[in-house]
Amino acid sequence: MSTSLKAPAASGSSGCAPRIRSRMLGESVLAQFTRFVIVGVSSNGVYALLFVALASLGSFTANLAGVAASTVLANELHRRHTFHAAGRVGWFQTQWEAGGLALIGLGLSTASLAAVHILFPAAPTYVQVLVVIAVGGIFGSARFLALRGWVFRPATLASSGSGLAAR
């Protein structure tokens, strides 16, 4: 069973929907970034649900659990759908490399939660979630570039004989 979302070859259909679908399922930076954002929004939804569900355990525990679960989900969705890299990069390698990037995000989100606690001690849960998601969104741009250029780089770059190709 294939999980690839690659667009089928054009079969003479007219209208803009097939062209848009083909373009968004392609390998251009815009197509990949669009899919990256969709995965990011989805995984942030998972994060927010877990954070709210676990908030009674404390915001730092809820943050850690939410980041861990949403990161594993996002990494796999990026591997399969955003960068179409399931044939090039294995699950463990994805979690190891992209997960390392996520640790930076965890550090930033934890620091932002600490800042909220210091500056606004009575901040409600939704404010904490919004701050973490905003920081994640800013960090997400840098993460997209790192995932695209390092973790899920196209096979043509991986086989070009550069020092980065040896893994």
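Shown above is the structure to which this text applies.
Cut-off values and rules
- Residues numbered from 1 in each chain as written.
- Predicted model: local features only at pLDDT ≥ 70, side-chain atom pairs only at ≥ 80, totals over all residues.
- Heavy atoms only, no water.
- Helix = DSSP H or I, 4+ residues; strand = E, 2+ residues; numbered from the N terminus.
- Buried < 20%, exposed > 50% of the residue type's maximum accessible area, 1.4 Å probe, protein only.
- Contact = heavy atoms within 4.5 Å.
- Areas by Shrake-Rupley, 256 points an atom, 1.4 Å probe, with all protein chains shown as cover.
- Phe/Tyr/Trp six-rings, centres within 6.5 Å; stacked < 30°, edge-to-face > 60°.

Chemist: Even after reading the chapter, I still don't get the overall build of the protein, so can you show me in this structure?
Modeler: If you tally the helices and strands in the protein, you get 6 helices and 0 strands. Going from N to C terminus, the protein has its helices and strands arranged as α-α-α-α-α-α. Counting all 167 residues of the protein, 32% fall into the buried class. Pairs at least 24 apart in sequence give 62% of the contacts found in the protein among residues at least 6 apart. Carbon and sulfur atoms form 72% of the exposed surface of the protein, whose accessible area is close to 9,600 Å².

Chemist: In this structure, what is going on with the packing of aromatic side chains? I would like to understand it.
Modeler: Two numbers describe a pair of aromatic rings. These are the distance of the centres and the angle of the planes. Taken as a whole, this structure holds 7 aromatic pairs when the rule is applied. Summarising the aromatic geometry, the rings of Phe-92 and Trp-96 are spaced 6.3 Å apart at their centres and angled 15° between planes, so their arrangement reads as stacked. On the criterion of helical spacing, the pair formed by Phe-92 and Trp-96 is a turn pair, its members being 4 residues apart in helix H4 (residues 91-119). Linked through ring pairs, Phe-33, Phe-36, Phe-83, Phe-144 and Phe-152 together constitute an aromatic cluster.

Any link to function would need more than the numbers given here.
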